[in-house]
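Each chain is listed here by its residues.
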Amino acid sequence: MIPVGFDYTRAKSVREVLNGLATGDAKLIAGGHSLLPLMRFRLAQPAKLIDIGELEELRGIEAKGRSVRIGAATTYRDLVDSTILAEKYPIIIEATLGIGDTQVRNRGTVGGGLAHADPASDMPAVMLALDATFNLRSKAGKRSVAAREFFISPFVTAMKDDEMLYDITLPAPPRKAGMAYVSFDQKASGYAIAAAAAIVTKSRKSIATLTLALTGVGEKAYLAEVPDAIGTHGDDAALDSALSAVADSAVVNSDVHASAEYRAHLARVAAKRAIQTALGRAG
Ligand SMILES: Cc1cc2nc3c(=O)[nH]c(=O)nc-3n(C[C@H](O)[C@H](O)[C@H](O)COP(=O)(O)OP(=O)(O)OC[C@H]3O[C@@H](n4cnc5c(N)ncnc54)[C@H](O)[C@@H]3O)c2cc1C
(Lines give C-alpha, C1' and ligand atoms only; values in the text may rest on other atoms or scores of the structure.)
Protein backbone atom coordinates (compact mmCIF):
# COMPACT_ATOMS: atom_id res chain seq x y z
CA MET A 1 0.00 0.00 0.00
CA ILE A 2 1.10 3.60 -0.53
CA PRO A 3 1.20 5.93 2.49
CA VAL A 4 -1.05 8.98 2.58
CA GLY A 5 0.66 12.28 1.74
CA PHE A 6 2.94 13.91 4.29
CA ASP A 7 5.45 16.74 4.58
CA TYR A 8 9.10 15.82 4.94
CA THR A 9 11.93 17.82 6.47
CA ARG A 10 15.54 16.77 6.89
CA ALA A 11 16.52 18.44 10.16
CA LYS A 12 19.75 20.43 10.26
CA SER A 13 19.75 20.91 14.03
CA VAL A 14 18.21 19.47 17.19
CA ARG A 15 16.54 22.84 17.79
CA GLU A 16 14.74 22.44 14.44
CA VAL A 17 13.61 18.95 15.51
CA LEU A 18 12.23 20.21 18.82
CA ASN A 19 10.44 23.15 17.20
CA GLY A 20 8.89 20.76 14.67
CA LEU A 21 7.72 18.33 17.38
CA ALA A 22 6.19 21.23 19.34
CA THR A 23 3.84 22.05 16.44
CA GLY A 24 2.07 18.67 16.90
CA ASP A 25 1.32 15.83 14.45
CA ALA A 26 4.97 15.47 13.47
CA LYS A 27 6.93 12.24 13.83
CA LEU A 28 10.65 11.66 13.79
CA ILE A 29 12.14 9.28 11.31
CA ALA A 30 15.56 7.76 11.96
CA GLY A 31 16.27 4.50 10.09
CA GLY A 32 12.64 4.17 9.02
CA HIS A 33 12.61 0.40 9.48
CA SER A 34 9.66 0.44 11.86
CA LEU A 35 7.88 3.67 10.91
CA LEU A 36 7.75 3.20 7.13
CA PRO A 37 6.05 -0.23 7.28
CA LEU A 38 3.44 1.28 9.63
CA MET A 39 2.87 4.16 7.23
CA ARG A 40 2.52 1.84 4.27
CA PHE A 41 -0.19 -0.07 6.14
CA ARG A 42 -1.67 3.33 7.10
CA LEU A 43 -1.41 2.38 10.76
CA ALA A 44 0.53 5.63 11.18
CA GLN A 45 -0.41 8.74 9.22
CA PRO A 46 1.78 11.58 10.46
CA ALA A 47 1.23 14.92 8.73
CA LYS A 48 4.94 15.64 8.90
CA LEU A 49 8.11 13.56 9.06
CA ILE A 50 11.25 15.07 10.55
CA ASP A 51 14.32 13.14 9.45
CA ILE A 52 17.00 13.07 12.15
CA GLY A 53 19.36 10.86 10.15
CA GLU A 54 21.90 13.58 9.37
CA LEU A 55 22.34 14.97 12.86
CA GLU A 56 25.87 13.96 13.82
CA GLU A 57 25.36 14.97 17.48
CA LEU A 58 22.79 12.16 17.78
CA ARG A 59 25.28 9.52 16.66
CA GLY A 60 28.19 7.94 18.44
CA ILE A 61 29.36 6.05 21.50
CA GLU A 62 31.67 7.70 24.00
CA ALA A 63 33.00 7.01 27.48
CA LYS A 64 32.10 9.71 30.01
CA GLY A 65 33.95 8.99 33.23
CA ARG A 66 32.75 5.57 34.36
CA SER A 67 29.57 5.73 32.27
CA VAL A 68 29.03 5.56 28.52
CA ARG A 69 26.87 7.73 26.28
CA ILE A 70 25.15 6.38 23.18
CA GLY A 71 23.49 8.89 20.82
CA ALA A 72 19.89 7.99 19.98
CA ALA A 73 20.48 7.85 16.22
CA THR A 74 23.47 5.51 16.53
CA THR A 75 22.93 2.59 14.18
CA TYR A 76 23.02 -1.03 15.25
CA ARG A 77 26.01 -1.37 12.97
CA ASP A 78 27.85 1.28 15.00
CA LEU A 79 27.02 -0.63 18.20
CA VAL A 80 28.46 -3.85 16.83
CA ASP A 81 31.65 -2.07 15.71
CA SER A 82 32.22 -0.28 19.04
CA THR A 83 35.34 -1.22 20.98
CA ILE A 84 33.98 0.61 24.05
CA LEU A 85 30.87 -1.57 24.07
CA ALA A 86 32.89 -4.71 23.35
CA GLU A 87 34.97 -4.01 26.44
CA LYS A 88 32.32 -2.74 28.88
CA TYR A 89 28.92 -4.01 27.71
CA PRO A 90 29.45 -7.00 25.38
CA ILE A 91 25.81 -7.96 25.98
CA ILE A 92 24.76 -5.05 23.73
CA ILE A 93 26.75 -6.49 20.86
CA GLU A 94 25.52 -10.01 21.53
CA ALA A 95 21.90 -8.81 21.38
CA THR A 96 22.43 -6.53 18.40
CA LEU A 97 23.91 -9.28 16.23
CA GLY A 98 20.53 -11.03 16.46
CA ILE A 99 18.53 -7.99 15.28
CA GLY A 100 17.13 -8.41 11.78
CA ASP A 101 19.75 -8.74 9.07
CA THR A 102 22.69 -6.68 7.84
CA GLN A 103 20.43 -4.13 6.12
CA VAL A 104 18.30 -3.63 9.22
CA ARG A 105 21.41 -3.22 11.36
CA ASN A 106 22.99 -0.78 8.90
CA ARG A 107 19.99 1.59 8.93
CA GLY A 108 18.07 0.87 12.13
CA THR A 109 18.95 2.98 15.16
CA VAL A 110 19.06 2.09 18.82
CA GLY A 111 16.89 5.11 19.71
CA GLY A 112 14.33 4.28 17.02
CA GLY A 113 13.99 0.76 18.34
CA LEU A 114 13.59 1.91 21.96
CA ALA A 115 11.12 4.68 21.07
CA HIS A 116 9.09 2.21 19.01
CA ALA A 117 8.87 -0.14 22.04
CA ASP A 118 7.85 -3.26 20.15
CA PRO A 119 7.28 -5.87 22.89
CA ALA A 120 9.29 -8.41 20.86
CA SER A 121 12.29 -6.16 20.28
CA ASP A 122 15.63 -7.09 21.75
CA MET A 123 17.21 -3.93 23.12
CA PRO A 124 14.66 -3.02 25.82
CA ALA A 125 15.63 -6.07 27.90
CA VAL A 126 19.31 -5.23 27.60
CA MET A 127 18.69 -1.61 28.64
CA LEU A 128 16.63 -2.77 31.64
CA ALA A 129 19.34 -5.19 32.75
CA LEU A 130 22.06 -2.54 32.38
CA ASP A 131 19.92 0.04 34.26
CA ALA A 132 20.26 2.58 31.44
CA THR A 133 18.89 6.10 31.61
CA PHE A 134 17.17 7.69 28.61
CA ASN A 135 17.76 11.42 28.19
CA LEU A 136 14.84 13.20 26.53
CA ARG A 137 14.55 16.67 25.05
CA SER A 138 11.65 18.88 24.06
CA LYS A 139 11.22 22.56 23.36
CA ALA A 140 10.25 22.89 27.03
CA GLY A 141 13.54 21.43 28.29
CA LYS A 142 15.38 18.22 29.20
CA ARG A 143 14.53 15.32 31.47
CA SER A 144 15.84 11.85 32.10
CA VAL A 145 13.80 8.68 32.51
CA ALA A 146 15.18 5.38 33.79
CA ALA A 147 14.78 2.56 31.29
CA ARG A 148 12.97 0.78 34.11
CA GLU A 149 10.24 3.49 33.99
CA PHE A 150 10.21 3.99 30.22
CA PHE A 151 8.33 1.05 28.73
CA ILE A 152 4.62 1.31 29.53
CA SER A 153 2.76 -1.07 27.20
CA PRO A 154 3.08 -2.29 23.60
CA PHE A 155 4.42 0.61 21.49
CA VAL A 156 3.83 3.06 24.36
CA THR A 157 6.62 4.71 26.35
CA ALA A 158 6.95 7.45 28.95
CA MET A 159 7.99 9.86 26.16
CA LYS A 160 5.53 12.63 25.35
CA ASP A 161 4.57 13.52 21.78
CA ASP A 162 6.75 16.65 21.76
CA GLU A 163 9.81 14.83 23.16
CA MET A 164 12.69 13.10 21.46
CA LEU A 165 15.13 10.55 22.81
CA TYR A 166 18.43 12.39 22.67
CA ASP A 167 20.87 9.90 24.11
CA ILE A 168 21.29 6.96 26.48
CA THR A 169 23.51 6.83 29.56
CA LEU A 170 24.85 3.47 30.69
CA PRO A 171 26.23 3.24 34.23
CA ALA A 172 29.36 1.19 34.91
CA PRO A 173 28.38 -2.47 35.21
CA PRO A 174 29.09 -4.29 38.49
CA ARG A 175 32.77 -5.18 38.85
CA LYS A 176 33.75 -8.44 37.15
CA ALA A 177 30.15 -9.04 36.07
CA GLY A 178 29.41 -11.60 33.39
CA MET A 179 26.66 -10.77 30.89
CA ALA A 180 24.70 -12.79 28.37
CA TYR A 181 21.73 -12.41 26.04
CA VAL A 182 19.90 -15.50 24.83
CA SER A 183 16.99 -15.26 22.39
CA PHE A 184 14.61 -17.68 20.75
CA ASP A 185 14.05 -15.73 17.56
CA GLN A 186 11.26 -15.58 15.04
CA LYS A 187 13.17 -17.11 12.16
CA ALA A 188 12.10 -14.64 9.46
CA SER A 189 12.73 -11.38 11.32
CA GLY A 190 14.93 -12.08 14.32
CA TYR A 191 12.41 -10.56 16.75
CA ALA A 192 12.29 -12.38 20.09
CA ILE A 193 9.65 -14.99 20.78
CA ALA A 194 11.23 -15.06 24.21
CA ALA A 195 14.63 -13.71 25.21
CA ALA A 196 16.59 -13.03 28.37
CA ALA A 197 19.36 -10.64 29.35
CA ALA A 198 21.34 -11.62 32.45
CA ILE A 199 24.04 -9.82 34.41
CA VAL A 200 25.71 -11.93 37.08
CA THR A 201 28.46 -11.46 39.63
CA LYS A 202 29.89 -14.39 41.48
CA SER A 203 31.39 -15.08 44.84
CA ARG A 204 33.62 -18.15 44.75
CA LYS A 205 31.55 -20.34 42.42
CA SER A 206 28.11 -19.10 43.46
CA ILE A 207 25.81 -16.44 42.07
CA ALA A 208 26.31 -13.33 44.22
CA THR A 209 24.06 -10.91 42.32
CA LEU A 210 21.74 -11.39 39.38
CA THR A 211 19.81 -8.93 37.20
CA LEU A 212 17.50 -10.62 34.74
CA ALA A 213 15.29 -8.98 32.11
CA LEU A 214 12.94 -10.68 29.66
CA THR A 215 11.49 -9.55 26.34
CA GLY A 216 9.11 -11.03 23.79
CA VAL A 217 7.16 -12.71 26.57
CA GLY A 218 4.53 -10.18 27.63
CA GLU A 219 3.25 -6.77 26.64
CA LYS A 220 6.59 -5.13 27.41
CA ALA A 221 10.10 -6.05 28.45
CA TYR A 222 10.38 -6.49 32.21
CA LEU A 223 12.78 -7.23 35.03
CA ALA A 224 12.24 -10.57 36.75
CA GLU A 225 13.22 -11.14 40.37
CA VAL A 226 14.88 -14.51 40.95
CA PRO A 227 15.89 -14.47 44.63
CA ASP A 228 16.22 -18.24 44.87
CA ALA A 229 19.05 -18.25 42.33
CA ILE A 230 21.31 -16.24 44.64
CA GLY A 231 23.86 -18.39 46.44
CA THR A 232 23.39 -21.34 44.09
CA HIS A 233 26.01 -22.63 41.67
CA GLY A 234 23.66 -21.98 38.77
CA ASP A 235 23.23 -25.69 38.07
CA ASP A 236 20.21 -26.92 36.13
CA ALA A 237 18.25 -28.16 39.14
CA ALA A 238 18.75 -24.97 41.15
CA LEU A 239 17.81 -22.70 38.27
CA ASP A 240 14.86 -24.81 37.09
CA SER A 241 13.41 -24.38 40.55
CA ALA A 242 14.38 -20.69 40.92
CA LEU A 243 12.98 -19.79 37.50
CA SER A 244 9.73 -21.74 37.70
CA ALA A 245 7.67 -18.55 38.09
CA VAL A 246 9.77 -16.26 35.90
CA ALA A 247 7.00 -15.69 33.35
CA ASP A 248 4.22 -15.51 35.93
CA SER A 249 4.42 -11.74 36.47
CA ALA A 250 3.55 -11.11 32.80
CA VAL A 251 0.41 -11.78 30.82
CA VAL A 252 2.16 -14.11 28.39
CA ASN A 253 1.57 -13.46 24.69
CA SER A 254 0.02 -16.11 22.49
CA ASP A 255 0.29 -15.76 18.70
CA VAL A 256 1.14 -17.62 15.49
CA HIS A 257 4.74 -17.99 16.64
CA ALA A 258 4.10 -19.60 20.05
CA SER A 259 1.28 -20.37 22.44
CA ALA A 260 1.43 -18.73 25.86
CA GLU A 261 2.41 -22.04 27.47
CA TYR A 262 5.25 -22.68 25.01
CA ARG A 263 6.43 -19.05 25.22
CA ALA A 264 6.58 -19.25 29.02
CA HIS A 265 8.64 -22.43 28.66
CA LEU A 266 11.01 -20.68 26.22
CA ALA A 267 11.32 -17.76 28.64
CA ARG A 268 12.48 -20.13 31.40
CA VAL A 269 14.97 -21.85 29.09
CA ALA A 270 16.33 -18.53 27.74
CA ALA A 271 16.66 -17.21 31.29
CA LYS A 272 18.50 -20.33 32.49
CA ARG A 273 20.92 -20.30 29.57
CA ALA A 274 21.56 -16.57 29.92
CA ILE A 275 22.27 -16.91 33.65
CA GLN A 276 24.55 -19.91 33.19
CA THR A 277 26.46 -18.24 30.35
CA ALA A 278 26.80 -14.99 32.31
CA LEU A 279 28.02 -16.90 35.36
CA GLY A 280 30.63 -18.62 33.21
CA ARG A 281 31.80 -15.21 31.97
CA ALA A 282 31.89 -13.54 35.40
CA GLY A 283 35.37 -12.84 36.79
C1 LIG B 1 13.05 -6.99 8.54
C2 LIG B 1 13.18 -6.41 9.91
C3 LIG B 1 13.66 -7.20 10.93
C4 LIG B 1 13.78 -6.69 12.23
N5 LIG B 1 14.24 -7.51 13.22
C6 LIG B 1 14.35 -7.00 14.47
C7 LIG B 1 14.85 -7.82 15.53
O8 LIG B 1 15.23 -8.96 15.35
N9 LIG B 1 14.91 -7.28 16.77
C10 LIG B 1 14.53 -5.99 17.02
O11 LIG B 1 14.62 -5.54 18.16
N12 LIG B 1 14.08 -5.21 16.04
C13 LIG B 1 13.99 -5.68 14.78
N14 LIG B 1 13.54 -4.88 13.78
C15 LIG B 1 13.15 -3.52 14.10
C16 LIG B 1 14.28 -2.60 13.89
O17 LIG B 1 15.27 -2.90 14.80
C18 LIG B 1 13.65 -1.27 14.16
O19 LIG B 1 12.93 -0.98 13.00
C20 LIG B 1 14.59 -0.19 14.37
O21 LIG B 1 15.34 -0.40 15.51
C22 LIG B 1 13.84 1.09 14.58
O23 LIG B 1 14.78 2.02 14.39
P24 LIG B 1 14.66 2.99 13.19
O25 LIG B 1 15.84 3.87 13.29
O26 LIG B 1 14.43 2.27 11.93
O27 LIG B 1 13.32 3.78 13.64
P28 LIG B 1 12.20 4.45 12.76
O29 LIG B 1 11.45 3.42 12.01
O30 LIG B 1 12.76 5.60 12.00
O31 LIG B 1 11.29 5.03 13.94
C32 LIG B 1 10.58 4.15 14.78
C33 LIG B 1 9.75 4.98 15.77
O34 LIG B 1 10.61 5.64 16.68
C35 LIG B 1 10.44 7.05 16.61
N36 LIG B 1 11.78 7.60 16.79
C37 LIG B 1 12.89 7.33 16.07
N38 LIG B 1 13.95 7.95 16.60
C39 LIG B 1 13.50 8.63 17.68
C40 LIG B 1 14.12 9.46 18.65
N41 LIG B 1 15.45 9.70 18.65
N42 LIG B 1 13.36 10.01 19.61
C43 LIG B 1 12.01 9.75 19.66
N44 LIG B 1 11.38 8.99 18.78
C45 LIG B 1 12.12 8.41 17.80
C46 LIG B 1 9.80 7.32 15.28
O47 LIG B 1 9.04 8.51 15.29
C48 LIG B 1 8.93 6.09 15.13
O49 LIG B 1 7.75 6.25 15.85
C50 LIG B 1 13.41 -5.35 12.49
C51 LIG B 1 12.94 -4.54 11.45
C52 LIG B 1 12.82 -5.06 10.18
C53 LIG B 1 12.33 -4.16 9.07
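Note: the structure precedes this text.
Residues numbered from 1 in each chain as written. Predicted model: local features only at pLDDT ≥ 70, side-chain atom pairs only at ≥ 80, totals over all residues.

### Some words on the overall build of the protein chain
Here is step 1 of the chain: Looking only at helices and strands, the protein chain features 11 helices and 14 strands.
Here is step 2 of the chain: Across its three principal axes, the protein chain shows a C-alpha extent of roughly 60 × 45 × 30 Å.
Here is step 3 of the chain: Each of the 283 residues in the protein chain was classed as buried or not, and the buried ones make up 48%.
Here is step 4 of the chain: Look at the contacts in the protein chain between residues 6 or more apart in sequence, and 62% of them connect residues 24 or more apart. (Helix = DSSP H or I, 4+ residues; strand = E, 2+ residues; numbered from the N terminus. Buried ≥ 20, exposed ≤ 12 C-beta atoms within 10 Å, placed from the backbone. Contact = placed C-beta atoms within 7 Å.)

### Focus on the site of the ligand
Here is step 1 of the chain: Around the ligand, 30 residues are found, and the nearest of them are Gly 31, Gly 112, Gly 113, Ser 121 and Gly 190.
Here is step 2 of the chain: Listing elements by their share of the shell around the ligand, those giving two or more residues are β2 (26-29), α7 (110-116) and β10 (164-170).
Here is step 3 of the chain: At five residues, the largest contribution of residues to the shell around the ligand is made by α7.
Here is step 4 of the chain: For the shell around the ligand, a count of residues per class yields 14 nonpolar, 14 polar and two charged. (Near = placed C-beta within 6 Å. Nonpolar A, V, L, I, M, F, W, Y, C, P; charged D, E, K, R; others polar.)

### With respect to the sheet that holds strand β5 (residues 67-71)
Here is step 1 of the chain: One open sheet accounts for five strands, arranged β4-β5-β10-β6-β7; its pairing is antiparallel. Every interior strand has two partners, whereas the edge strands, β4 (61-64) and β7 (141-146), have only one. Across the sheet, the mean angle separating the axes of adjacent strands is 25 degrees when strand polarity is ignored.
Here is step 2 of the chain: Pairing of strand β6 (residues 133-138) with β7, which is carried by six bridges, proceeds in the antiparallel orientation. (Pairing = 2+ DSSP bridges. Axes fitted to C-alpha atoms, helices over the stretch in contact; angles between N-to-C directions.)

### Regarding the sheet that holds strand β11 (residues 178-185)
Here is step 1 of the chain: The antiparallel open sheet is built from four strands, whose spatial order is β11-β12-β13-β14. Of all the strands in the sheet, the pair left with one neighbour each is β11 and β14 (222-224). The sheet shows a mean angle of 20 degrees between the axes of neighbouring strands, taken without regard to direction.
Here is step 2 of the chain: Here eight bridges tie β11 to strand β12 (residues 192-203), and the two strands are oriented antiparallel to one another.

### A closer look at the environment of Leu 36
Here is step 1 of the chain: With respect to the helices and strands, the residue Leu 36 is situated in helix α2 (residues 35-40).
Here is step 2 of the chain: Leu 36 gets classed as partly exposed once you count the C-beta atoms within 10 Å, which come to 14.
Here is step 3 of the chain: Measuring from C-alpha to C-alpha, the distance between Leu 36 and Lys 48 comes to 13 Å, with 12 residues separating the pair along the chain.

### Some points on the pairing of β12
Strand residues, when the strand is regular, have side chains that alternate between the two faces of the sheet.
Here is step 1 of the chain: Within β12, 10 of the 12 residues are buried, which leaves the element mostly enclosed by the surrounding structure.
Here is step 2 of the chain: The antiparallel pairing of β11 with β12 creates a hairpin that spans six residues between the two strands, and Gly 190 there sits at a positive phi of about 95 degrees.
Here is step 3 of the chain: For β12 and strand β13 (residues 206-215), the ladder comprises nine bridges, and the chain directions are antiparallel. When the sheet's bridge partners are listed, Ala 196 is paired in β13 with Leu 214.
Here is step 4 of the chain: Count of turn residues in the β12/β13 antiparallel hairpin: two residues, of which Arg 204 carries a positive phi of about 50 degrees.

It is worth stressing that arrangement in space is one thing and function is another; only the former is reported here.
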